[in-house]
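Residue-level listing of the chains:
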Amino acid sequence: MKEITFEKERAFLSPYAKKSVESKGRLHEESACSMRTDFQRDRDRIIYSKAFLRLKNKTQVFFAPDGDHYMSRLTHTLDVSQIARSLARCLSLNEDLTEAIALGHDLGHTPFGHVGERVLNALSPHGFRHNQQSLRVVDVLEKDGKGLNLTFEVRNGIVNHTKSGSPATLEGAAVSLADRIAYINHDIEDAIRAGFLREEELPEEAVRVFGRDTSERINAAILDIYEESKGKDYVRMSEKTGQALDLLRTFMFEHVYERANKLIQESAERLITNLYTYFADRPEELPELYRNTAETDVPRAVCDYLSSMTDKYAIGVFNRLFVPQEGGV
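From a predicted model like this one, the values you see are computed outputs, not experimental measurements.

Engineer: I tried to follow a nonpolar patch on the surface on my own but got confused; where do I start?
Structural biologist: A surface patch of nonpolar side chains, about 340 Å² in accessible area, is lined by Met1, Ile4 and Met35. Position of Met35 among the secondary structure elements: in the loop between helix 1 (2-12) and helix 2 (38-47).

Quick look at the structure:
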């Protein structure tokens, strides 16, 4: 079965695409699947992981929004996957590898969005970055501490999906671009829905490049990347379109992200700081999965535990530990 996939990849993929048979392999050797390629297995392992399931209850930008149509960390991940696969398809890259990287890129994200990330980064002596934590999730924490044992290419794409990263494959580069395209455009939708922004406030220079409609903007970005990268050994935007995307990103930070963060900054910072201090002082109360790490590295263990939490779960633990309960006397 997978031999058919190998043949299709050799026949139809770009010479710069990562073929399944060219993978550098896994952290630990294991028997190959008779039906699925290694990249297909990685995608499936991520989809069925506990960390992936938890994404549905983690904040993207707006915490506990009053409405059903706001992005969560899970819907953002699916959005990135869709855009990245569109890029892979039009550039004849490996869609299975691209999808696996996209689905795993935010597995290590904290509760309360980037506010949670910033707080843990300030508290931990190791610092904290969600892309590095995503790699730690798939390497160490999933499957009760056994990890998912993913391929080098998927792991590399996950840890290098941020703007400052340098992916080893074109598929990883496609995911990195798709991430930026996804969060900027759908965060605009959410901001307008939440009353943080009016469509006419978007910078005119960016509107001239992308248009005003979300679908227009995403299509324009994908088409630009295709025209800039087709047949090349790189995946990138043209300079003009890249500058327009950076302009939108800067605009969103100034007009939306910082305002949205302020709504939960104080409460989220207090909650995460109190939980961090509590478990750093009492590592024996960590769940068993994290106690093993705490034997040699308490800050790492506490960050592992707190970053794994959904928004709701973190609030529940905080209430249990710090809010007086009825009948407690």
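Engineer: Just to check I follow, could you spell out empty space enclosed by the protein for this structure?
Structural biologist: Any empty space left between atoms is shown by rolling a water-sized probe over those atoms. The full count for this structure, using the stated rule, is one cavity of 30 Å³ or more. Taken together, Thr110, Pro111, Leu120, Leu271, Ile272, Leu275, Leu306, Ser307, Met309 and Ala314 make up the lining of the largest cavity. Among the elements of the structure, helix 12 (239-281) and helix 14 (298-308) are those that each provide at least two residues to the lining of the largest cavity. Ranked by the residues each element gives to the lining of the largest cavity, the list is headed by helix 12, at three residues. Of the residues assigned to the lining of the largest cavity, the class counts are eight nonpolar, two polar and no charged.

Engineer: What's the story with the side chain of Arg41 in this structure? I'm lost.
Structural biologist: Inspection of the secondary structure assignment puts Arg41 in helix 2. Discounting residues that sit within four places of it in the chain, Arg41 has contacts with Arg26, Glu30, Ser31, Ala32, Cys33 and Arg36.

Engineer: Sorry, what's going on with the nonpolar core here?
Structural biologist: One recurring pattern in soluble globular proteins: nonpolar side chains tend to sit buried together. With 85 residues, the main nonpolar core has Val154, Val235 and Leu306 as its most contacted residues. Here this core gets 15 residues from one element, more than from any other, and that element is helix 12. In contact with Leu306, not counting residues within four places along its chain, are Pro111, Leu120, Ile272, Leu275 and Tyr276.

Engineer: Is there a simple way to think about unusual backbone geometry in this case?
Structural biologist: With the exception of glycine, the majority of residues adopt a negative phi angle, and the majority of peptide bonds are in the trans configuration. In this structure, Ser92 is a non-glycine residue whose phi angle is positive, near 60°. Assignment of secondary structure puts Ser92 in the loop between helix 4 (73-90) and helix 5 (95-104). With relative accessibility at 28%, the residue Ser92 sits in the partly exposed group. Even without a glycine there, the phi angle at Phe112 is positive, about 65°. As for its position among the elements, Phe112 is in the loop between helix 5 and helix 6 (113-123).

Thresholds applied
Residues numbered from 1 in each chain as written. Predicted model: local features only at pLDDT ≥ 70, side-chain atom pairs only at ≥ 80, totals over all residues. Heavy atoms only, no water. Patch = residues over 30% accessible without salt bridge, like charges linked within 9 Å, V, L, I, M, F, W, Y side chains within 5 Å. Areas by Shrake-Rupley, 256 points an atom, 1.4 Å probe, with all protein chains shown as cover. Salt bridge = Lys/Arg side-chain N within 4 Å of Asp/Glu carboxyl O. Helix = DSSP H or I, 4+ residues; strand = E, 2+ residues; numbered from the N terminus. 1 Å grid on protein atoms, 1.4 Å probe; cavity = no way out; pocket = protein on both sides within 12 Å on 5 of 7 lines; lining within 4 Å. Points joined across faces, edges and corners; volume = space filled by probe spheres on them. Nonpolar A, V, L, I, M, F, W, Y, C, P; charged D, E, K, R; others polar. Contact = heavy atoms within 4.5 Å. Core = buried A, V, L, I, M, F, W, Y, C linked by side-chain atoms within 4.5 Å. Buried < 20%, exposed > 50% of the residue type's maximum accessible area, 1.4 Å probe, protein only.

Shape is all these values report; function is a separate question.
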